[in-house]
Amino acid sequence: MDGTTKQDQWQWQQEGTSWKGVGIYHVTLTVTSREPLMGTLVIPDSDPAQARVEQTEIGRAILDCQRSLPLFCPEIQILQYSLMPDHLHSIWYVRHPMEKSIRYVAQGFWRGAKKAGRAYSYLRATSRLIGGTTNEKTALPTAGNNHLPTAGIPAPTTTGIPAPTTAGSSLSSLAPASSRENPLRALLGDEAYYALPPLFTEVPFIRPMSRRGQLQAMIRYVQLNPQRLATKRLMPGFFRVQKGIEIAGRPYAAVGNIALLQAEHFAPVHVRHTLVDEAAKGRPQPLRNYMNGCVLAARQGTVIVSPFISPKEKAVKEVLINEQHPFIVLADNGFRDYYKPPSDLFDAVADGRVLILSPWEYDAGKRHISRSDCVALNTMAEEIAAM
């Protein structure tokens, strides 16, 4: 080998380049209602490490749609995926420049998913209306399945929806992934077809990767999704978003171990530019002493509080994680629905060693932390440490 790592073999999309070019993308397709229609989480022996998702018929149909992508776009390779009960995480590698944007490809995948979703709704409706039976091999829903929506599907006499023509009617026959044809739409007609409840009304979320190291981190994130969902199911208390928690006169939302706020001693971590500048000029000892002092305080039972924004602050956080000390993180954005802590904090949250606080509502459009946010969060860390 010439010293080139596997990471260096990948071609990376740089910020500002066309979405038609070579690149690696994290793509997420979500059941809009967030109902667990695509799979069932199984946790053998209540051990999250053994967790897996057993696919339903609609889950298998969505994976068929994804597998058919290279038929229409041979430039795309699926590097990794994880089907979850209510969403699909995938990593797509665009190996060669395409005529169409990756967004166009994702919309095509979405159309295939919607086609499968409507076929699923049709089979569910006809199954319920002709007796509520199901086929074990296809795992089609029954009238008693309370995970599925039951409203919004009129009876056949008002919609003209016919029962399946054969006992073998299935998603694969009504929504073939590798074909642009739509047998179900031809069978029902446009009006009845579009009256079927769609499962996927939101375009897949696409996140381009532009930094080295992102790929392996994202692959691991996707692989560990079942395990992390199992952990949340088994330990719901630490992962539940709690709102309206007042600390030092400010309201916060929180995820993690609230009991950390009852600690006897707190200390903020704020590596100031003066220390970093001194180190850059050849005088690293003050910076080293400050960072070592933070870790020594944690070893003596002090709960560290910080937004952990700068690289040196993140280095302190990494030591706290590795040595399993409790600490409090101030986040620059609020908590969305179905929030999961970042990968580096997930296990520590599950173990009750971390509390994540945010003073702000979740902003879906927020991408970068501002200087004013940094100043505000550092001020809050000092307020909490002074309690």
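Please refer to the structure higher up on the page.
Here the residue index of a chain counts from 1 through its sequence in written order. pLDDT decides what is reported in this predicted model: residues at 70 or higher carry local features, side-chain atom pairs at 80 or more are listed and counted, and totals for whole chains, interfaces and linings draw on all residues regardless. Working from all heavy atoms in the structure, the side-chain values ignore hydrogens and water.

(A) Highlighting the overall build of the protein chain. Numbering of helices and strands starts at the N terminus; helices are DSSP runs of H or I of at least 4 residues and strands are runs of E of at least 2. Summing up its helical and strand segments, the protein chain has 16 helices and twelve strands in all. Three labels apply to residues, based on accessible area from a 1.4 Å probe with only protein chains included: buried if under 20% of the type maximum, exposed if over 50%, partly exposed otherwise in between. By residue count, 46% of the 387 residues in the protein chain fall in the buried class. Total accessible area computed for the protein chain in this model is approximately 20000 Å², and 51% of it derives from carbon and sulfur atoms. The Shrake-Rupley method, run with a 1.4 Å probe sphere, supplies the accessible areas, and residue values consider only the shown protein chains as cover.

(B) Representation of the nonpolar core. What makes a nonpolar core is a set of buried Ala, Val, Leu, Ile, Met, Phe, Trp, Tyr and Cys residues whose side-chain atoms join them at distances within 4.5 Å. Grouped together as the largest cluster of nonpolar side chains are 41 residues, with contacts concentrated most on Ile 58, Ile 62, Trp 92 and Phe 200. Secondary structure elements with two or more residues in this core: strand S1 (23-30), helix H2 (57-67), strand S4 (76-83), strand S5 (87-94), helix H4 (102-129), helix H6 (171-174), helix H7 (183-188) and helix H8 (190-195). Not counting residues within four places of it along the chain, the set of residues in contact with Ile 62 comprises Leu 29, Met 38, Leu 88, Phe 109, Ala 113, Ala 116 and Phe 200. Formed by 28 residues, the second largest nonpolar core is a distinct cluster that contains Val 269, Met 291, Val 329 and Ala 350. Any pair of residues with heavy atoms lying within 4.5 Å of one another is described as a contacting pair.

(C) Molecular detail of the packing of helix H10 (residues 225-234) against helix H15 (residues 343-350). Across the interface, H10 lies against H15 with an axial gap of 11 Å and an inter-helix angle of 30 degrees. Classified by the angle their axes make, H10 and H15 are roughly parallel. Taken as a pair, H10 and H15 cross one another with a handedness that is left-handed. Between H10 and H15, the residues in contact are Arg 228, Thr 231 and Lys 232 and Ser 343, Phe 346 and Ala 350, respectively. Looking at the contact of H10 with H15 residue by residue, the classes come out as two nonpolar, two polar and two charged. Helix axes are fitted to C-alpha atoms over the stretch in contact, other axes to C-alpha atoms as well, and angles between N-to-C directions run from 0 to 180 degrees. Angular relationships are summarised with four words: roughly parallel below 35 degrees, roughly antiparallel beyond 145, roughly perpendicular across 65 to 115, and oblique for the angles in between. Crossing handedness: left-handed means the near helix sits turned counterclockwise from the far one by under a right angle, and right-handed means the same turn made clockwise. Just so you know the grouping, Ala, Val, Leu, Ile, Met, Phe, Trp, Tyr, Cys and Pro go in nonpolar, Asp, Glu, Lys and Arg go in charged, and all remaining residues, Gly too, go in polar.

(D) Structural view of the pairing of strand S8 (residues 250-256). For S8, the buried fraction is high: five of the seven residues fall into the buried class. Strands were regarded as paired on the criterion that DSSP finds at least two bridges between them. Looking at chain direction, strand S7 (residues 242-247) and S8 are connected through four bridges and run antiparallel. Among the inter-strand pairings, Ile 245 is bridged to a residue of S8, identified as Tyr 252. From the end of S7 to the start of S8, which pair antiparallel, there are two residues, and Ala 248 there has a positive phi angle of about 50 degrees. Relative to strand S12 (residues 354-358), S8 is paired through four bridges, and the arrangement is antiparallel. Residue pairing in the sheet places Ala 254 in a bridge with Leu 357 of S12.

(E) Spotlight on the side chain of Thr 28. With respect to the helices and strands, the residue Thr 28 is situated in strand S1. Looking at Thr 28, its side chain comes within polar contact range of the side chain of His 26, at 3.4 Å. Throughout this description, a polar contact denotes any pair of N or O atoms lying within 3.5 Å of each other; where both atoms belong to protein, one of them has to be capable of donating a hydrogen while the other can accept it, and for residues adjacent in sequence the pair is counted only when both atoms sit in side chains.

(F) Inspection of the sheet that holds strand S6 (residues 205-209) at higher detail. Across the sheet, four strands lie side by side as S4-S5-S1-S6; this open sheet has antiparallel pairing. Each edge of the sheet is formed by a strand with only one pairing partner; in this case those strands are S4 and S6. Across the sheet, the axes of successive neighbouring strands diverge by a mean angle of 20 degrees, strand direction being ignored. Inspection of the sheet shows S1 paired to S6 by five bridges, in the antiparallel sense. Residue pairing across strands places Tyr 25 opposite Pro 208, the latter belonging to S6.

(G) Up close: the packing of aromatic side chains. The rule is short: rings of Phe, Tyr and Trp, with Trp giving its six-membered ring, pair when the centres are within 6.5 Å, and they are stacked under 30 degrees, edge-to-face over 60, tilted in between. The full count for this structure, using the stated rule, is five aromatic pairs. Look at Tyr 193 and Tyr 194: their rings are 5.1 Å apart centre to centre, the planes differ by 80 degrees, and that puts the pair in the edge-to-face class. Taken together, a centroid distance of 4.9 Å and an interplanar angle of 35 degrees make the contact between Phe 239 and Phe 346 tilted. Taken together, the residues span a long stretch of sequence, with Phe 239 in helix H11 (residues 236-239) and Phe 346 in helix H15 at a distance of 107 residues. Per residue, the accessibility class of Phe 239 equals that of Phe 346, and both read buried. Directly above the aromatic system of Trp 110 lies the positively charged group of Lys 114, at a separation of 3.8 Å from the ring centroid. The rule for a charge over a ring is simple: NZ of Lys or CZ of Arg within 6 Å of the ring centre, and within 35 degrees of the ring normal. Lying across the ring of Phe 346, Arg 228 places its NZ or CZ 5.3 Å from the centre.

(H) Examining the pattern of salt bridges more closely. For this document, the term salt bridge refers to a Lys or Arg side-chain nitrogen within 4 Å of an Asp or Glu carboxyl oxygen. In total, this model carries twelve salt bridges according to the counting rule given. For Lys 366, the salt bridge goes to Asp 373, with nearest N and O atoms at 2.7 Å. On the basis of relative accessibility, which here comes to 14%, the residue Asp 373 falls in the buried class.

(I) Geometry of helix H14 (residues 311-322). Between the first and last residue of a helix there are one fewer steps than residues, each counted as 1.5 Å, and that sum is the expected span. Taking 1.5 Å as the rise per residue, H14 with twelve residues should run 16 Å; its terminal C-alpha atoms sit 16 Å apart, in good agreement. By the burial criterion, the buried members of H14 are Glu 313, Val 316, Lys 317, Leu 320 and Ile 321. Buried residues of H14 fall within an arc of 140 degrees about the axis and therefore sit on the same side. Exposed side chains of H14 directed beyond 90 degrees from the buried face belong to Pro 311 and Asn 322. Buried residues belonging to H14 abut helix H13 (285-299), strand S10 (303-306), strand S11 (327-330) and H15. Taken from the residues just after H14, Gln 324 is the one with a positive phi, measuring 60 degrees. It is the directions from the helix axis to the C-beta atoms whose arc is reported.

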